[in-house]
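Observations on the model geometry
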Amino acid sequence: MIRYEEGTAIVTGGLRGIGAAIVRLLAAGGSSVAIIDMAEEDKAQETVKQFRAELTRPGSEIRYYRCDVSDFEASKAVVAQISKEMEKLTMLVNNAGITRDGLILTMSEQQFDDVISVNLKGAFNMIKHCSRQFMKNKFGRIVNISSVSGLSGNAGQANYSASKAGLVGLTKTVAREFASKNITCNAIAPGFIQTDMTKDISAENNPLASQIPLGRPGTPDDIAKAADFLLSSGYITGVVLRVDGGLGM
Ligand SMILES: NC(=O)c1ccc[n+]([C@@H]2O[C@H](COP(=O)([O-])OP(=O)(O)OC[C@H]3O[C@@H](n4cnc5c(N)ncnc54)[C@H](O)[C@@H]3O)[C@@H](O)[C@H]2O)c1
């Protein structure tokens, strides 16, 4: 079923995990997708080839662009390139994220700066560079992938929690600044989702996992469905949607 009108969605960190599940749902919904990630071109093209099988609308396409979202100038150049090479820009999913965990007493300045640069500044960079295109098209749908760590804090994740809380403030400010231009901006706060990022934390040895009321960790598809919902709605803006199996109630 085609849910999206003609246009391109940018998904950062779209080669694996939650980002890859979002790419698949967007392609299945009829959108073209520009994936921004850090992998080598050869490795990425293998994955992109598999994603192309999900495309449902004639003329839509999936392309890969290698870029570090924390680099202001590089992300500006890549958005300009996507705008030139693909259908008009309609959606942006800021999903790229990293962890560099440690207690505050042992966390280095570098660990703190790296996480803020990718998770928070990367989203700012992408929103700033895409917003002119959205304004020109009088249409834009933005989803930022935050975390329950940003809402409740998490010992050992001062950098990560601060970056994800920052995304909440960024989301609400973008929602307010651009609402009159038919540009919406929302955030998703996933709980414990099984991906490469969490592969070293088994559900058994994670104390949080045993407290999930729905009794299981989430899957990338659980988050993709929430992103699909927020991206296809035109009357929801500035919300933070927890998708955490009830963990944060
Ligand atoms: N997995 C979880 O439990 C969980 C929970 C809450 C929030 N999240 C958030 O969801 C998002 C996706 O998480 P995931 O578990 O799929 O992670 P993942 O590590 O499996 O995938 C992240 C992707 O982002 C890419 N990436 C990293 N730094 C980048 C950069 N500077 N520029 C471009 N791409 C970059 C990686 O190459 C990778 O493909 C992240 O923002 C993460 O913080 C995850």
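Structure shown above.
Being a predicted model, the structure only gives us computed values, none of them experimental.

Quick look at the sheet that holds strand β7 (residues 240-243)
- The seven strands are arranged β3-β2-β1-β4-β5-β6-β7 in an open sheet whose pairing can be described as parallel. Two strands in the sheet have a free side with no partner beyond their single neighbour: β3 (62-66) and β7. Taking each pair of neighbouring strands and ignoring which way they run, the sheet shows an average axis angle of 20 degrees.
- The pairing of strand β2 (residues 32-37) with β3 spans five bridges and is parallel. Within β3, the position partnered with valine 33 by the bridge is isoleucine 62.
- Where helix α6 (residues 158-178) meets the sheet, its contacts fall on β5 (140-145), β6 (183-190) and β7, and the angle it forms with β6 comes to roughly 165 degrees.

Here we look at the environment of isoleucine 18
- Following the sequence through the fold, isoleucine 18 ends up in helix α1 (residues 17-28).
- Separated by 148 residues in sequence, isoleucine 18 and glycine 166 have C-alpha atoms that sit 20 Å apart.
- Not counting chain neighbours up to four residues away, the residues in contact with isoleucine 18 comprise Asn95, Ile145, Pro190, Ile193, Thr195, Pro220, Ile223 and Ala224.

Describing the site of the ligand
- Around the ligand, the surrounding shell holds 28 residues, and the nearest of these are Gly13, Gly17, Gly97, Thr195 and Met197.
- Here the shell around the ligand gets three residues from one element, more than from any other, and that element is α1.
- Split into classes, the residues belonging to the shell around the ligand amount to 13 nonpolar, 11 polar and four charged.

Overview of the pairing of strand β1 (residues 8-12)
- In terms of residue burial, β1 counts as a mostly covered element, since five of its five residues are buried.
- Covered by surrounding structure in β1 are Thr8, Ile10 and Thr12 together with Ala9 and Val11, the residues of both alternating faces.
- Chirality of the crossover, the property in question, places the unit of β1, α1 and β2 among those that are right-handed.
- For β1 and strand β4 (residues 89-94), the ladder comprises four bridges, and the chain directions are parallel. Within β4, the position partnered with alanine 9 by the bridge is methionine 91.

A closer look at helix α4 (residues 109-137)
- Taking 1.5 Å of rise per residue, 29 residues should cover 42 Å, and α4 covers 41 Å from first to last C-alpha, within 8% of that figure.
- Lysine 121 marks where α4 bends most, by close to 40 degrees.
- Trailing α4 by a residue or two, lysine 138 shows a phi angle of about 55 degrees, which is positive.

Definitions and cut-offs
- Within every chain, residues take consecutive numbers counted from 1 along the sequence as written.
- For a predicted model such as this one, the threshold for reporting local features is a pLDDT of at least 70, and the threshold for listing and counting side-chain atom pairs is 80 or more; totals across whole chains, interfaces and linings nevertheless cover every residue.
- When DSSP finds two or more bridges between two strands, those strands count as paired.
- Where helices and strands are cited, they refer to DSSP runs of H or I of at least four residues and of E of at least two residues respectively, numbered from the N terminus.
- Interaxial angles span 0 to 180 degrees and are taken between N-to-C directions of axes, which are lines fitted to C-alpha atoms, for helices over the stretch in contact.
- Contacts here follow a simple rule: the backbone-placed C-beta atoms of the two residues must lie within 7 Å.
- Defining nearness, a residue is near a molecule or strand when the C-beta atom obtained from its backbone falls within 6 Å of it.
- Amino acids are sorted into nonpolar (Ala, Val, Leu, Ile, Met, Phe, Trp, Tyr, Cys and Pro), charged (Asp, Glu, Lys and Arg) and polar (every other residue, Gly among them).
- Exposure classes come from backbone-placed C-beta atoms, where a residue is buried if 20 or more other C-beta atoms lie within 10 Å of its own, exposed if 12 or fewer do, and partly exposed in between.
- Place the viewer so that the strands point away; then a crossover is right-handed whenever the path from the first strand over the helix to the second strand goes clockwise.
- Expected span of a helix: the number of residues minus one, times 1.5 Å.
- Each residue is assigned a bend, namely the angle between axes fitted to the seven residues that terminate at it and the seven residues that start at it.

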